[in-house]
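# Commentary on secondary and tertiary structure
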Amino acid sequence: GCAISSDWVFRIPAVRVAESREAFDSKTFMYKFSWDSTAFDGQLGAAHALEIPFTFNVLDRPGVTLFIGDGPRPDALARIMHDAWATFIKVGDPSTERLGEWPIYDSETRTVMNFDDECSLLFDPEAEETHNDPALSSGRLRAGVVHPHRHLGHRCRGCGAGGGPDPDRAGN
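So, here is what we can say about the structure in this document. In this text the structure is predicted, and so the values were computed from the model without any measurement.

## What about helix H4 (residues 75–91)?
Taking 1.5 Å per residue, 17 residues should reach 24 Å; H4 reaches 24 Å between its end C-alpha atoms and fits that length. For H4, the full list of buried residues reads Leu77, Ala78, Ile80, Met81, Ala84 and Thr87. Considering only its buried residues, H4 is in contact with strand E1 (30–33), helix H2 (52–55) and strand E2 (111–115). Note on H4: the residue one or two positions beyond its end, Gly92, has a positive phi of about 80°.

This is the structure in structure tokens:
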């Protein structure tokens, strides 16, 4: 049901983008938001976009309780997430003293920061679904076959993928 569609609509494309960025030595940090809302008798779970008020640390704003539910407000998680996002904006790395080290994502370990009542690192989460994606399991992303610049009509300096002239060779 819903978890399967969320994987194919949100998680798998995010993993594809993260893994395609490796060819360019681009630092990418991946996360999973696992905190379950109690709203609507718990039916929302850790729904898409539920993390937004946490990242801005605005759980006290009007209307937020409608989505996070009643009960003890998870202010500590909101502070940790907000601190990580602010630190990333300032220094380019979301690791903080309270959260700990948040490693750069790579296709070998697929390390993801998990945000929940207790935050932790996950290694290759939902591995079965990720490995069932043809682009991820075949290594096509790393080889440049499925490439973020293929629509630009030029050859990529990083991996050589794409059409058009090679920008590093005169006369093309």
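After that view of the structure, there is still more to cover.
## Some details on the side chain of Asn114
On the secondary structure map, Asn114 appears in strand E2. For Asn114, a relative accessible area of 9% corresponds to the buried category. Within the structure, Asn114 has its side chain in polar contact with the side chain of Ser34 (distance 2.5 Å). For Asn114, the contacting residues outside a window of four places in its chain are Lys32, Ser34, Cys119, Ser120 and Leu122.

## Brief notes about the nonpolar core
In terms of nonpolar packing, the biggest core is built from 17 residues, with Phe33, Phe54 and Phe115 touching the most fellow members. Listing elements by their share of this core, those giving two or more residues are helix H3 (64–68), H4 and E2. If one sorts the elements of this core by residue count, H4 sits on top with five residues. Other than its neighbours up to four places away in sequence, Phe33 contacts Ala46, Leu50, Glu51, Phe54, Leu77, Met81 and Phe115. With five residues, the next largest nonpolar core counts Val15, Ala18, Met30 and Val112 among its residues.

## Digging into the packing of aromatic side chains
Tallied over the full model, the rule gives nine aromatic pairs. Seen in terms of ring centroids, Phe29 and Trp102 are 6.2 Å apart; in terms of plane orientation they differ by 80°. Their pairing is edge-to-face. One end of the pair, Phe29, is in the loop between helix H1 (2–21) and E1; the other, Trp102, is in the loop between H4 and E2, with 73 residues separating them in the sequence. Residue Phe29 is classed as buried on the basis of its relative accessible area, which comes to 15%. When its relative accessible area of 4% is taken as the criterion, Trp102 is described as buried.

## So, a nonpolar patch on the surface
A contiguous nonpolar patch, built from Phe40, Leu44, Leu66 and Phe67 and spanning about 390 Å² of accessible area, is present on the exposed surface. Of note, Leu44 is situated in the loop between E1 and H2. Given a relative accessible area of 31%, Leu44 falls into the partly exposed group.

## What to know about the pattern of salt bridges
Enumeration according to the criterion identifies four salt bridges in this entry. The partner of Asp124 in a salt bridge is Arg110, and the shortest N-O contact between them spans 3.8 Å. In this pair, Asp124 is assigned in the loop between strand E3 (120–123) and helix H5 (127–132) and Arg110 in the loop between H4 and E2, connecting sequence segments 14 residues apart. In terms of burial, Asp124 and Arg110 fall into one category: buried. Salt bridges here are not isolated pairs; linked through shared partners, they connect Glu19, Arg110 and Asp124.

Reading the values: the criteria
Residues numbered from 1 in each chain as written. Predicted model: local features only at pLDDT ≥ 70, side-chain atom pairs only at ≥ 80, totals over all residues. Heavy atoms only, no water. Helix = DSSP H or I, 4+ residues; strand = E, 2+ residues; numbered from the N terminus. Expected span 1.5 Å × (residues − 1). Buried < 20%, exposed > 50% of the residue type's maximum accessible area, 1.4 Å probe, protein only. Contact = heavy atoms within 4.5 Å. Polar contact = N/O pair within 3.5 Å; in protein donor to acceptor, adjacent residues only side chain to side chain. Core = buried A, V, L, I, M, F, W, Y, C linked by side-chain atoms within 4.5 Å. Phe/Tyr/Trp six-rings, centres within 6.5 Å; stacked < 30°, edge-to-face > 60°. Patch = residues over 30% accessible without salt bridge, like charges linked within 9 Å, V, L, I, M, F, W, Y side chains within 5 Å. Areas by Shrake-Rupley, 256 points an atom, 1.4 Å probe, with all protein chains shown as cover. Salt bridge = Lys/Arg side-chain N within 4 Å of Asp/Glu carboxyl O.

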